[in-house]
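# Tertiary structure, described
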Amino acid sequence: MSEALRFEILGPQRAWYADRPLDLGPGKQRAVLAVLLLAAGRPVPTGQIVDAVWPEEPPANGPNVVQKYVAGLRRVLEPDRSPRTPGQVLTLTDAGYVLRIPPEAVDAVRFERGVRRARQWQAAGRTEDALAEVTGALERWQGEPFTGFTGAYFDAARHRLVELRAVALETRTELELASGRHGELVGRLVELVAEFPVRERLRHQLMLALHRGGRQAEALAAYRDFADLLREEYGIEPGEALQDLHRRILRSDPSLTLPAPPASPAPLAPSGPQELSGTQPLSAPPAPTPVPAPRAGSTPDGTGVPDASTSAEPEAAAVQPAPDFRPSATGTAPAPAATGPTEVSAATGPAAAPTPAPNVPGSAPAASPVPPASPVPPATPVPPVPPGWSAGPAGPLTPVPHALLVAMNQPADAPADRRAPGWARLAATLAGTATVLVSFGSLTWAVVLGYALWRRSWRLALAGIGYFLLVFSVFVLAVSSPETEEISDGEALYLIVAMGACWLLGTAHVVLLNPTLWAAVGGLFWTGRQRTDEQRRLRREQARYLLHHYPAARVDLRIGRPDLLRTYDDGGLVDVNAVPDPVLATLPGLTVDQRRQVAVDRWLRGPYGSLEELAGRCHLPPAAAEALRDVLLFLPPEPPPVRHS
């Protein structure tokens, strides 16, 4: 039965048995299934399901409600099962519920594996194979996943998959640029830049495509727009790689253009097919650019989507932030593995365009420099690393702008809400305050309801309804009172209090809806301990932001490694897969036996991919696991350094 089941979560949640679509039932039942799909093949504790499906107001009898929805799912997934027969697809174990399906039954797993294979083939120089693989993977994307599901669990899982799609889009663009398709890329890149406005890799690709298309002025304008955005919103400058590309475009660096395809040499021997592993070419081929071999390592899935093939390189693992993070807590996310075909870095070789090697179909990729006498023809050259883009621990080339690292290490008193530009928040505050003042509070409800729609906050919606009821009651009282009679003292007092609350209290409420002003006012009433805790929380968010956008910061700043000497304050984060056992003995909320169990289990069974996996493997109670949610990182283990002979 389980082999015939197929599930889609990359867009609308759907399921099929063979070719027959399944009715997955009401929304909460679908949410329970989504949690189980994200951990397919692994037990999910009942408490974790309750926390994920009901993040704000869990039901008092949560386990019984989950059991009811599980029974409904069993009827859908195993319609031929008799009521008294144990389930085969959805079973209950001591550690929780397990959805026993092959990993390939979930489209998100097939999507991740396709992106991973594409990046492996890109590193091996197989451009066309990599392009076909990543294009096929992107075709599985049908829309934003988990639409309608709220809470930190689904937000983190959604963000991870969206981030992986962005990496796939960057990889496909990189491959198409290397194939000389820059002319058809500009329109698509403009749309991607609008969708992902702060991804420097996409800006780099847009500028390079414009420049190669003879649109130098537009390439420079794209850089200026991005630099203005970073200065206004984050107070930083573009990364070194983008600045270097800007300088090279200004001086019309000829190495930015694609090299002409090499002319086929005249045959010096009788014509005929040449065996790739047999006859030695009469002339020594040009030495290929060294290509790092894909590194093997386990791939922690982050949101519970399993992957049976653990031979993928850490690049794919690094793009999977764990679902146990809060919405603002994200994991690492790599950028594409290479830039344009003629990008040059001082870290990879002399500042000159690489010599193109002939692309022999079926040629084996080279993992190290091949001597001229090698009988194997060289593979297609892999573009070298541009200046400022360093290979982080997870393998991808990632910019680490110095200005950003400095800004991130400043006192953490900036507001964490960055979902809207600063000018938009200020304009909304001014317009809302003016509306409340001019209307004498009669339109406060409209302003607050507007904020509720903008932020999707049910609390603000309730406040807006409360303001509306006050104004409506004043209107009813004024209309129902005869004109010839004077209103009583009680009615007059009510009118004054109600309109005063809508006017004065509403004005203060709208002003404090600005996150910057709210943080400033709240800071006046914090105790020293509260202020310190808040600063540490913000530092943790900043450190996670760095890991998300600049994976090389993991090594440069030693984030999550309190056992190492460092100058960067990450707010007390702990990389549970990297720190030694004495650091694990300091984890908060755990008993001595539980800490020892974490260390022993890590040693026996390998690294952890998420907080849920840690809790399941070590049998941690929900309260103890929740205490670790804000401080733990689940980064893939760093690969051993490659030694070149």
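This part is about the overall build of the chain. For the chain, the count of helices and strands is 23 helices and nine strands. Burial status across the chain gives 48% buried among its 645 residues. Considering only intrachain contacts with a sequence separation of at least 6, the fraction spanning at least 24 residues in the chain is 65%. Carbon and sulfur atoms provide 60% of the accessible area of the chain, an area that totals close to 31,000 Å².

A sheet is described by the order of its strands in space; here three strands give the open sequence β1-β2-β3, paired in antiparallel fashion. Of all strands in the sheet, those with a lone pairing partner are β1 (5–8) and β3 (20–21), marking the two edges.

Positive phi is not limited to glycine here, since F146 has a value of about 60°. Mapped onto the fold, F146 is located in the loop between α5 (127–138) and α6 (152–178). Given the relative accessible area of 4%, F146 is considered buried. Of note in this structure, H619 is not a glycine but carries a positive phi near 55°. Inspection of the secondary structure puts H619 in the loop between α22 (611–618) and α23 (622–627). You can call H619 exposed: its relative accessible area is 61%.

To continue, consider the confidence of the model for the chain. Averaged over the chain, the pLDDT score is 73; the fraction of residues at 70 or greater is 69%. Taken as a whole, residues 260–419 scores under 50 in pLDDT and shows 362 contacts with residues more than four places along the chain or in a different chain.

Next up on the list: the pairing of strand β5 (residues 96–99). With four bridges connecting them, strand β4 (residues 90–93) and β5 associate as antiparallel partners. For L90, the partnering residue across the bridge sits in β5 and is L99. Hairpin connection, β4 to β5: the antiparallel pair is bridged by two residues.

A few words on the environment of V76. Inspection of the secondary structure puts V76 in helix α3 (residues 62–77). Remark: the alpha-carbon pair of V76 and Y17, spanning 59 residues in sequence, is separated by 9.7 Å. Dropping the residues within four chain positions of it, V76 is found in contact with L22, D23, L24 and Q29.

On the surface, W458, L462, I465, F468, L469, F472, F475, V476 and V479 cluster together into a nonpolar patch covering about 880 Å² of accessible area. For V479, the position within the fold is in helix α15 (residues 458–480). Judged by relative accessible area, which is 56%, V479 ranks as exposed.

What follows deals with the packing of helix α8 (residues 200–212) against helix α9 (residues 216–234). Two elements in contact, α8 and α9, have axes separated by 7 Å at closest approach and are oriented at 160°. The orientation of α8 with respect to α9, classified from their angle, is roughly antiparallel. The element α8 and its partner α9 pack so that their crossing is left-handed. For the pair formed by α8 and α9, the contact residues are E200, R203, L206, M207, L210 and H211 on the first element and Q216, E218, A219, A222, Y223, F226, L229 and L230 on the second. Grouping the amino acids of the contact of α8 with α9 by side-chain chemistry returns nine nonpolar, two polar and three charged.

Our next topic: α9. The periodicity of an α-helix, 3.6 residues per turn, causes residues three or four places apart in sequence to face the same way. Its 19 residues place the ends of α9 27 Å apart at the C-alpha level, agreeing with the 27 Å of an ideal helix rising 1.5 Å per residue. Looking one or two places after α9, you find G235, whose phi comes out positive at around 65°.

This brings us to the packing of aromatic side chains. Taken as a whole and judged by the stated rule, the model has nine aromatic pairs. Between W54 and Y69 the ring centres are 6.3 Å apart and the planes differ by 25°, which places this aromatic pair in the stacked class. You can see W54 sitting in the loop between α2 (46–53) and α3 and its partner Y69 sitting in helix α3, a full 15 residues away along the chain. Accessibility classification places W54 together with Y69 in one group, the buried group. Between F111 and W141 the ring centres are 5.8 Å apart and the planes differ by 50°, which places this aromatic pair in the tilted class.

Here we come to the environment of T147. By the secondary structure assignment, T147 is in the loop between α5 and α6. Judged by relative accessible area, T147 falls into the exposed class, the value being 61%.

As a further point, take the nonpolar core. Core analysis: the largest hydrophobic core is formed by 84 residues, its most contacted members being F7, L36, I49, L99, I101, F111 and F146. The contact partners of L99, leaving out residues within four places of it in the chain, are L33, L36, L37, A40, G41, L77, V89 and L90. Core analysis: the second largest hydrophobic core is formed by 21 residues, L611, A615, A625 and L632 among them.

The next point concerns the pattern of salt bridges. Applying the stated criterion across every chain yields a total of 33 salt bridges. Among the ionic pairs, E174 bridges to R201, the shortest N-O distance being 3.1 Å. You can see E174 sitting in helix α6 and its partner R201 sitting in helix α8, a full 27 residues away along the chain. Residue class for R201 comes out buried when judged on its relative accessible area of 2%. Note that R231 and D228 form a salt bridge whose closest N and O atoms lie 3.1 Å from each other. Residue R231 and its partner D228 are both found in helix α9; the two are separated by three residues, about one turn of the helix. Residue classification places D228 among the partly exposed positions, given a relative accessible area of 33%.

As a further point, take the environment of R30. Structurally, the position occupied by R30 is in helix α1 (residues 27–38). For R30, a relative accessible area of 24% translates into the label partly exposed. Linking R30 and L73, residues 43 residues apart in sequence, is a C-alpha distance of 8.6 Å. With residues up to four places along the chain from it excluded, the contact list for R30 reads Q13, L24, G25 and F149. Here Q13 takes part through its backbone oxygen, which lies 3.0 Å from a polar atom of the side chain of R30.

What follows deals with the packing of α6 against α8. α8 packs onto α6 with a crossing angle of 25° between their chain directions and a minimal axis gap of 10 Å. By the angle between their directions, the pair α6 and α8 is classed as roughly parallel. Helix-helix and strand crossings are classified by hand; for α6 and α8 the assignment is left-handed. Of α8, the residues touching α6 (which contributes E170, T173, E174 and L177) are R201, L202, Q205, L208, A209 and R212. A breakdown of the residues in the contact of α6 with α8 according to their chemical character gives four nonpolar, two polar and four charged.

Reading guide: rules and limits
- Position numbers for residues start from 1 in each chain and track the written sequence from start to end.
- Selection of residues for local features in this predicted model requires a pLDDT of at least 70, selection of side-chain atom pairs for listing and counting requires 80 or more, and totals for whole chains, interfaces and linings are taken over all residues.
- Hydrogens and water molecules were not included; the side-chain quantities draw on all heavy atoms of the structure.
- Runs of E in the DSSP output that reach at least two residues are strands. Runs of H or I that reach at least four are helices, and both are numbered from the N terminus.
- Remark: exposure states derive from per-residue accessible area (1.4 Å probe, protein chains only) relative to the maximum for the residue type, with buried under 20%, exposed over 50%, and partly exposed in between.
- We call two residues contacting when some pair of their heavy atoms lies within 4.5 Å.
- Per-residue and other accessible areas were derived by the Shrake-Rupley procedure at a 1.4 Å probe size, with only the shown protein chains allowed to occlude residues.
- Should DSSP find at least two bridges between two strands, the strands are taken to pair.
- The pLDDT score gives, residue by residue, the confidence of the prediction method on a 0 to 100 scale.
- Any residue with relative accessible area above 30% and no salt bridge may belong to a patch, with like charges joined within 9 Å and the nonpolar Val, Leu, Ile, Met, Phe, Trp and Tyr side chains within 5 Å.
- What makes a salt bridge here is a side-chain nitrogen of Lys or Arg within 4 Å of a carboxyl oxygen of Asp or Glu, nothing more.
- The axes are straight lines fitted to the C-alpha atoms, using for helices just the contacting stretch, and the angles between their N-to-C directions are given from 0 to 180°.
- Orientation categories follow fixed angle ranges, with anything under 35 degrees roughly parallel, anything over 145 roughly antiparallel, 65 to 115 roughly perpendicular, and all other angles oblique.
- Two helices that cross are described as forming a left-handed crossing if the nearer one is turned anticlockwise from the farther one by less than a right angle, and a right-handed crossing if clockwise.
- Gly is put with the polar residues, along with every residue not named as nonpolar or charged; the nonpolar set is Ala, Val, Leu, Ile, Met, Phe, Trp, Tyr, Cys and Pro, and the charged set is Asp, Glu, Lys and Arg.
- One less than the number of residues in a helix, times 1.5 Å, gives the span that helix is expected to have.
- Only the six-membered ring of Trp is used, alongside the rings of Phe and Tyr, when aromatic pairs are assigned; centres must lie within 6.5 Å, and planes under 30 degrees apart are stacked while those over 60 apart are edge-to-face, with the rest tilted.
- Here the nonpolar core consists of buried residues drawn from Ala, Val, Leu, Ile, Met, Phe, Trp, Tyr and Cys, with membership extended through side-chain atoms lying within 4.5 Å.
- Here a polar contact is recorded for every N or O atom pair within 3.5 Å, except that within protein the pair must consist of a potential hydrogen donor and a potential acceptor, and residues adjacent in sequence are included only if both atoms are side-chain atoms.

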